[in-house]
Amino acid sequence: MSKDANKQISQTEKESFFGGQNNVKENVVNHALAASSGLDEQAKEVLNYIHSLPPAYEFEPKYVRQFRKNPYEHEDVTNITREDITIDCESHKLDARVYRPASTHENLYPTLIYFHGGGFVLGDIESYDKFLAQLCVQSNVVIISVAYRLAPETVFPGAIEDTQASTDWIVNNAQSLNLDPTRIALGGDSAGANLAIVYCLLNKDKFQPYFQLLIYPSIAGNDSTPSREAFSKNLLLTENLLKWFHQLYITEEDENDPRFNILNAEDFSHLPPAFILTCGFDPLRDEGQMFADKLTENNVAVKHSCYTDMFHGFINFGVLQQSKDAVTECAMVLNSVMYQK
């Protein structure tokens, strides 16, 4: 992968990447595992900064949203346009941001609707702005970032309702937004990936997205997994933080609902093709592998890349070379899939 985050993806690179090459670089493999050499050294520096701050779960969510910032964001780009829009729901409105490539395109643009991570509690349009701007310029795909309602102000299934309403609104207004209604993908990271998958599960006989871009998806609810047990402390997503997120979002009575614990869903065979990105030192690592396996079992096309020396949330920290590489890999996949004949 190039270190230049803004360079165009060449046809040669696409042919090489999609011709069956499993590894993007040494520490990227097609199954979920942690690097035997441990965490990347630069990743440790980022985590040291994160752990120099008081834990988020010691504060009110609104305080964390306001004051906890990321000093290691991706570089900004200028060769795109940003447009803030409002999405009308039945009883409320949602903010969204549309990223458009500056390059001319004679047809309607393919689009990725993106739902940010943050445990259903944190995250917003601004905290994902530079990452999604990079993804837009590198993929040449329109990106729409949706600010769904967060817990504890809005609890389960409010975020799911917002995912349904916002996606349906974008699909219904595709022509006026200059989007190709036949090439609309859904994506997200962590909790946002959960929401994207749930939309696809719930709309078997309605609109089905063209593709799924899923970054370390959360699909096991409150169930334990080996990676949740192995990586419960000293990383970005800790056991205590995960518990705080889920306690604010959902009750124990609802925690086995397949709209939260996706593994309890009955039918995965109708889901769109997917690219799943995981990382080695992540309590959610195994869930990405489990979902990739579930799709494979149901004959759904899937590609999986695991960044074995990275931690949950790494794709937002543009100071890391693997974060830049991961964005470029996601962009290559999007560009190839969304523009395929």
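Our structure's up above, just so we're on the same page.
Residues numbered from 1 in each chain as written. Predicted model: local features only at pLDDT ≥ 70, side-chain atom pairs only at ≥ 80, totals over all residues. Heavy atoms only, no water.

(A) Structural detail: empty space enclosed by the protein. Across all of its chains, the model carries two cavities of 30 Å³ or more by this definition. For the second largest cavity, the full set of lining residues is Asn 70, Glu 73, His 74, Ser 127, Lys 130, Phe 131 and Asn 316. Per-class residue counts for the lining of the second largest cavity are one nonpolar, four polar and two charged. (1 Å grid on protein atoms, 1.4 Å probe; cavity = no way out; pocket = protein on both sides within 12 Å on 5 of 7 lines; lining within 4 Å. Points joined across faces, edges and corners; volume = space filled by probe spheres on them. Nonpolar A, V, L, I, M, F, W, Y, C, P; charged D, E, K, R; others polar.)

(B) Quick look at the environment of Asn 48. Relative to the assigned elements, Asn 48 resides in helix α2 (residues 41-51). Placed 186 residues apart in sequence, Asn 48 and Asn 234 show a C-alpha to C-alpha distance of 9.1 Å. (Helix = DSSP H or I, 4+ residues; strand = E, 2+ residues; numbered from the N terminus.)

(C) Representation of the packing of aromatic side chains. Scanning the model with the defined rule gives 17 aromatic pairs in all. Ring plane angle 40° and centroid distance 6.2 Å describe the contact between Tyr 114 and Tyr 128, whose orientation is recorded as tilted. With Tyr 114 in strand β4 (residues 109-115) and Tyr 128 in the loop between β4 and α4 (129-139), this residue pair connects regions lying 14 residues apart in the sequence. Taking the centre distance of 3.8 Å and the plane angle of 5° together, the rings of Phe 120 and Tyr 249 count as stacked. Of the two residues, Phe 120 is situated in the loop between β4 and α4 and Tyr 249 in helix α8 (residues 239-249); the sequence distance between them amounts to 129 residues. We classify Tyr 249 as buried; its relative accessible area is 2%. (Phe/Tyr/Trp six-rings, centres within 6.5 Å; stacked < 30°, edge-to-face > 60°. Buried < 20%, exposed > 50% of the residue type's maximum accessible area, 1.4 Å probe, protein only.)

(D) Focus on the pattern of salt bridges. A full pass over the atoms with the stated rule returns 15 salt bridges. Between Asp 76 and Arg 82 there is a salt bridge, with the nearest N and O atoms lying 2.8 Å from each other. The class for Asp 76 is partly exposed, based on a relative accessible area of 42%. A salt bridge links Asp 257 to Arg 259; the nearest nitrogen and oxygen atoms lie 2.9 Å apart. Within this structure, Asp 76, Arg 82, Asp 84, Arg 97, Glu 126 and Asp 129 form a network of salt bridges that share partners. (Salt bridge = Lys/Arg side-chain N within 4 Å of Asp/Glu carboxyl O.)

(E) Spatial organisation of the pairing of strand β7 (residues 212-215). The alternating pattern of β7 places Gln 212 and Leu 214 on one face and Leu 213 and Ile 215 on the opposite face, and all of these are buried. Here four bridges tie strand β6 (residues 179-189) to β7, and the two strands are oriented parallel to one another. Considered in β7, the bridge of Leu 186 is made with Gln 212. Relative to strand β8 (residues 274-281), β7 runs parallel, the two being bridged by four bridges. Bridging across to β8, Leu 213 finds its partner in Phe 275. (Pairing = 2+ DSSP bridges.)

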